[in-house]
Structure formats: C-alpha cells, structure tokens
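Observations on chain architecture
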Amino acid sequence: MAVSCPEVTANLTTSADTQSPSEQQRQRQDQSLDTFSFAPVSLQRLPHLADYLQNLQTLPNPLDSNRFFHPIDGFYIYPCDVILRQIVYDLSGMFSPPAPHLAYHRAGPRERVFFEPSEVRAAIVTCGGLCPGLNTVIRELVVGLWELYDVREIYGITAGYRGFYSCEPVKLGPKMVHGWHKRGGTALETSRGGFDLEKIVNAIEEKGFNQVYIIGGDGTMRGAVKIFEEIRRRKLKIAVVGIPKTVDNDIGIIDRSFGFQTAVEMAQQAINAALVEAESAVNGIGLVKLMGRSTGHIALHATLSNRDVDCCLIPEVEFFLEGKGGLLEFLDRRLKENGHAVLVVAEGAGQSIIPRTESQKEERDESGNPVFLDVGGWLKSELKKWWDRDHPNELFTVKYIDPTYMIRAVTANATDNLYCTLLAHSGIHGVMAGYTGFVCGPINGTYAYIPLDDVAKAKNVVNTRDHKWAWVRSVTNQPDFVRS
Ligand SMILES: Nc1ncnc2c1ncn2[C@@H]1O[C@H](COP(=O)(O)OP(=O)(O)O)[C@@H](O)[C@H]1O
Ligand SMILES: O=P(O)(O)OC[C@H]1O[C@](O)(COP(=O)(O)O)[C@@H](O)[C@@H]1O
Ligand SMILES: [Mg+2]
C-alpha cells in the first residue's frame, strides 16, 4: 500500500545545444521543461509493530549515550527521509514510468526505539546457497547489536530454516565472531528445504526471540514473508528483517547483492585460465561455466570486465548450435580468424535445448528449485562432435573449466565486506525502531528499507534490451541467435 507524500518541486534547467532533431522534438512537446514540476511521490509503507500492537512503549535511542556515537543534527533518520526507486528520467515523459514515483524509507538510526536493549533476544539464520560475505553479515549483526545497542542475548540458528525447530540455538558474542569476516561460507551453516511455518514460528515464540534476522536469497525471502505474516497474525512483539543474499544477483529492487562483486572477481581467474589454455592449443576453445540459475549477471559482468571473451551465453537469451547465425558457425569463424575462442556460459543457459529424460525434467532440489543439467559438459561434447564431423583431420581442443563453487565459497572482498557491515547495521537500526516485515538494501547507492513482500516478488533478470547487454554484444561481437 502506498502513502502519498507532499509534492516535490524541482527547478531543472535544460540546454538546447547539441541536440538531435528527435530530442528537440521531444523538448518541444513539453513547454514546461524549464521549470519542471516533479510528479507526486508514493512512499512505500513499511510494516511496523505498532500496526497490530497497541500501547507499545518507546524510549530514546540508546545511541544518545553511546561512548562513540554522538548524535548531531542529521544523525537520526525521520519518516520523511526517502529514496527514489528511479533516478533516471526522461523529462519529455515519453519514456519515464508513470507517476506516482516510488520511494522507500531511508535506512538508519531512529530517534526513538521500540525495544529495551535488555529485553532483546535476537536470532540470526542463514538459508539457501553460499555467497561471499555471509559470515561478515553475521559478525556485524552480532557486533552491531552488542556495541551500538548493548544487546547481550544474541543467538545463531544453525542449518537454515530447519534449525529453528531441530537444533539448539548457539549463543553468539563479539569474541566468538571475531575474525569471521575473513572466512568464506557461513559459520552458522545453511541448508535448502525444511521450511515448516508452524514449527518455525512456534520455535521462535517458545525460545523467546523477539528480533529475527533472516539472511538469504529469493526463496528465503518468500519464506520470511510467511513467517512475518504468521507472527503478525499471532500479534507477537517479534520483528522480522530479511537481509538479501544472492550470488546470482537475482533479487530485484536493490542495486546488487553483497558477494556479487567478489564472485565476478573470482570468475576472472577462470576466464584468464581458459584464454591461456585456448591460446596454447591449435584450434583451442576455453569454456567457462559460471553460476546463474535463472539470471546471467555473473557471466555478463565477468565478460564485460575481462574483455577476452568471444561469446557470453546467459539464460535470458536463447541460443542454438547448428545453422546460419548459430554458435557453431560463429566459433568456426573465430577459430579461423584468431586460432582460439573463449566461451562463457551461465549455468542456466541453454537448458531448453539440452536433451533430458522425463524424470530429469521433474527434478527439483529440496527448496523446489529446478535442477539443471550441466550446460558446460553438454557444450563440450557437442563441440567435439561438430569438429570431428566437419573438420576430421584438424587438431581441436576444448578445455572446460567449472569454477562453480570456487566463486562463491570465498571471503568477500573489501567492497563487499563494507557493504555487509552497512547492511547489518541498517537491519539493526530498523528493527530497533520497531519496523518489521522489511528488507534492507541499497537503492541507487543509499541504504533503504523495503517491504519484504515487494522484495520477495521482485526478480532481477538481465534486461537484454538495455545498453549493458548491447555493450556485451559489442565487446564479443557474438550473434544475436535469431534464426533467419
Ligand atoms: N515459497 C517459499 N515459501 C517458504 N519457504 C521457501 C519458499 N521458497 C524457498 N523457501 C525456503 O527458503 C530457504 C532457501 O531457499 P532456496 O531457494 O534454497 O535459497 P535462496 O533463498 O538462496 O534462494 C529454504 O529453506 C526453502 O525451503
Ligand atoms: O548450492 P547448490 O544446492 O549446489 O545450488 C547451486 C545454486 O546455488 C546458487 O549458487 C545460488 O542460488 P540461491 O541464491 O538460490 O541459493 C546458484 O547459482 C546455483 O544454481
Ligand atoms: Mg534462489
């Protein structure tokens, strides 16, 4: 549900120099551009404990008396501090989204809090696949709760969602989590499946947790929405926050997930090795498979930053092997021109053209995600068959590199570690302020609070109609795989 905010008016000047005829035409369509009135903003309403609990006591933020933080003007964030979802606009109105413009609450400390620090019992859980930075988020949640808000009852839930009802929580403190940000993986352990709403909420209630920090990907966020709704239905004073984690970067609304940049960086080693192998062989092909279940962000970013990739295959773009405009024709040309080629493929690419049995089509992991066939192994064997058929007397080599788990089971780089820290602190401030059923994450570079439900529904796929994908095509010169 959206809440209307006062109209924001901005004076924007425009210049008529160096404009193309179509730009000038668009300008003429709107005579009011010199003084541009911004359309109404629609602020995404955040769920709050006070929505369903009456007479909640509030108290001044304990940061007021913190030894290190000395709140000054502008330190605290107020409900009118917002972040716009969209920051690029076409003032002619031709290509801009319709008003009202979406805005989210800015993350950060609030002047009054809804939890007395001594009454807080916080639970932290990690679910789904690994992602660089998980341990950093856990560590910063513990240290942040401890140092910023003097919380002493902090617990780790082991082995993902199932851990709520099947394992004893582990008591956490700054000494215990010391150095965790320098370790890959999750010290709390994670798992897929095991989501049992009744058992999870019963366990949260029985164990007396009143702040629940849930770190995970799109599946985890869908589960977190259900937990939040059940807690609200039971009218419990328990705040739930989702901390988005996805190495694939497939969660929408936020700029990107923590760990994504680290994964792209790690992928460089594999692509560089593929190039060396390909260049050192006669008609050598270096083939690298990267993570990306249903989105090709890692493959795309790794390709753009590496620049030695001849072709990047992602789930969002269908491709074919044989015939005019196909992959084999393209590779044939590249081998003739350069003597080698490097191919990067996201694991979810080409799944519709890999032959599979009926039972393989039905296969799902414990969380219900489709299980993919190995596109890299399949491509390698198809390439060999093609070469033996069309060039039987010429040398040919395909070196297939699958760094799948190597790019996510590593320590987060410095940028991602910093991101994890700000994310954890944002989550803590929001929960202490009584918000619940929300996710924290950066929008246009500034940390925001977003309703959990919105994040659980939003998917971030590669937009193959935008500049970034066109840029990949211009770097690789690969076909667009449209059959003529
Ligand atoms: N629609 C859903 N409703 C409730 N729980 C879900 C849902 N989808 C996934 N989950 C649970 O969330 C957890 C993580 O989901 P998964 O898809 O494996 O990873 P990720 O959260 O990284 O996408 C699992 O425990 C899974 O059972
Ligand atoms: O960890 P598993 O079960 O082998 O699954 C691998 C999958 O996990 C991922 O790394 C991340 O997926 P999630 O974000 O859904 O956890 C995918 O790229 C990959 O398909
Ligand atoms: Mg997922």
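Residues numbered from 1 in each chain as written. Chains lettered and ligands numbered in written order. Predicted model: local features only at pLDDT ≥ 70, side-chain atom pairs only at ≥ 80, totals over all residues. Heavy atoms only, no water.

Around ligand 1, a shell composed of 16 residues is seen, among which R192, G193, D218, T220 and S367 lie nearest. Within the backbone of G193, an N or O atom sits 2.7 Å from an oxygen atom of ligand 1. Relative to its unbound accessible surface of 550 Å², ligand 1 loses 88% to contact with the protein. Considered class by class, the residues forming the shell around ligand 1 number two nonpolar, nine polar and five charged. (Near = heavy atom within 4 Å. Polar contact = N/O pair within 3.5 Å; in protein donor to acceptor, adjacent residues only side chain to side chain. Areas by Shrake-Rupley, 256 points an atom, 1.4 Å probe, with all protein chains shown as cover. Nonpolar A, V, L, I, M, F, W, Y, C, P; charged D, E, K, R; others polar.)

The subject of this paragraph is helix 7 (residues 260-279). Given a rise of 1.5 Å per residue, 20 residues ought to cover 28 Å, and the 29 Å separating the end C-alpha atoms of helix 7 matches this to within 8%. Within helix 7, burial applies to F260, T262, A263, V264, M266, A267, Q268, A270, I271, A274, L275 and A278. Summarising the contacts, the buried residues of helix 7 are in contact with strand 12 (284-290), helix 8 (297-306), strand 14 (340-346), strand 15 (397-401) and helix 12 (414-432). (Helix = DSSP H or I, 4+ residues; strand = E, 2+ residues; numbered from the N terminus. Expected span 1.5 Å × (residues − 1). Buried < 20%, exposed > 50% of the residue type's maximum accessible area, 1.4 Å probe, protein only. Contact = heavy atoms within 4.5 Å.)

So, about the UniProt feature "binding site: Mg(2+)" (unreviewed entry) in the protein. Mapped onto the present numbering, the UniProt feature "binding site: Mg(2+)" (unreviewed entry) falls at D218. Turning to its location among the elements, D218 is positioned in helix 6 (residues 218-233). You can call D218 partly exposed: its relative accessible area is 24%. (UniProt positions renumbered as here; feature names shortened; annotations may be inferred.)

This part takes up the UniProt feature "active site" (unreviewed entry) in the protein. With numbering aligned to this structure, UniProt lists the feature "active site" (unreviewed entry) at D248. Mapped onto the secondary structure, D248 falls in the loop between strand 11 (239-244) and helix 7. In this view, D248 contacts M291, G292, R293, T295, H297 and I298; residues no more than four positions away in its chain are not counted.

Further remarks concern the nonpolar core. I124, F164, Y213 and F258 are the most contacted members of the largest nonpolar core, which totals 113 residues. In terms of nonpolar packing, the next biggest core, distinct from the first, is built from 27 residues, F319, L321, L335 and W386 among them. (Core = buried A, V, L, I, M, F, W, Y, C linked by side-chain atoms within 4.5 Å.)

The next thing to look at is the environment of D150. Position of D150 among the secondary structure elements: in the loop between helix 2 (134-149) and strand 8 (153-157). A residue is classified by how much of its surface remains accessible, and D150, at 46% relative accessible area, is partly exposed. In the structure, D150 is positioned 87 residues away from L63 in sequence and 9.5 Å away in space, judged by C-alpha atoms. Not counting residues within four places of it along the chain, the set of residues in contact with D150 comprises P117 and L145.

This part is about the sheet that holds strand 13 (residues 311-313). Here four strands make up an open sheet; going across it, the order is 13-14-12-15 and the pairing parallel. At either margin of the open sheet sits one strand with a lone partner, and together these are strand 13 and strand 15. Looking at each pair of strands side by side, their axes are set apart by 15° on average, direction ignored. With seven bridges joining them, strand 12 and strand 14 adopt parallel strand pairing. (Pairing = 2+ DSSP bridges. Axes fitted to C-alpha atoms, helices over the stretch in contact; angles between N-to-C directions.)

Below, the discussion takes up the pattern of salt bridges. A complete count under the given rule lists 26 salt bridges for this structure. Residue D374 is joined to K289 by a salt bridge in which the shortest nitrogen-to-oxygen separation is 3.1 Å. With D374 in the loop between helix 10 (358-362) and helix 11 (375-390) and K289 in strand 12, this pair connects stretches of sequence that are 85 residues apart. A residue is classified by how much of its surface remains accessible, and D374, at 34% relative accessible area, is partly exposed. D453 is the salt-bridge partner of K457, the closest N and O atoms lying 2.8 Å from each other. In this pair, K457 and D453 are both assigned in helix 13 (residues 452-457), four residues apart and thus about one turn of the helix distant. The class for K457 is exposed, based on a relative accessible area of 66%. (Salt bridge = Lys/Arg side-chain N within 4 Å of Asp/Glu carboxyl O.)

Now for the side chain of D332. With respect to the helices and strands, the residue D332 is situated in helix 9 (residues 327-338). In terms of polar contacts, D332 uses its side chain to reach the side chain of K336, at 2.9 Å. Dropping the residues within four chain positions of it, D332 is found in contact with W386, W387 and H391.

Below, the discussion takes up the site of ligand 2. Every residue near ligand 2 is listed here: G128, G129, R192, K245, V247, D248, M291, G292, R293, E347, Y405 and R408. Interatomic distance of 2.8 Å between a backbone N/O atom of G129 and an oxygen atom of ligand 2. Taking Y405, its side chain carries an N or O atom lying 2.5 Å from an oxygen atom of ligand 2. In the complex, the protein chains occlude 83% of the 480 Å² of accessible area that ligand 2 would expose alone. Across the shell around ligand 2, the residue classes break down as three nonpolar, three polar and six charged.

This next bit is on unusual backbone geometry. Despite not being glycine, R307 has its phi angle at roughly 70°, a positive value. Structurally, R307 is set in the loop between helix 8 and strand 13. On the basis of relative accessible area, R307 is assigned to the partly exposed category, the value being 47%. Positive phi values are uncommon outside glycine, yet N444 reaches one of about 50°. Topologically, N444 is positioned in the loop between strand 16 (438-443) and strand 17 (446-451). Exposure remark for N444: the relative accessible area of 31% places this residue in the partly exposed category.

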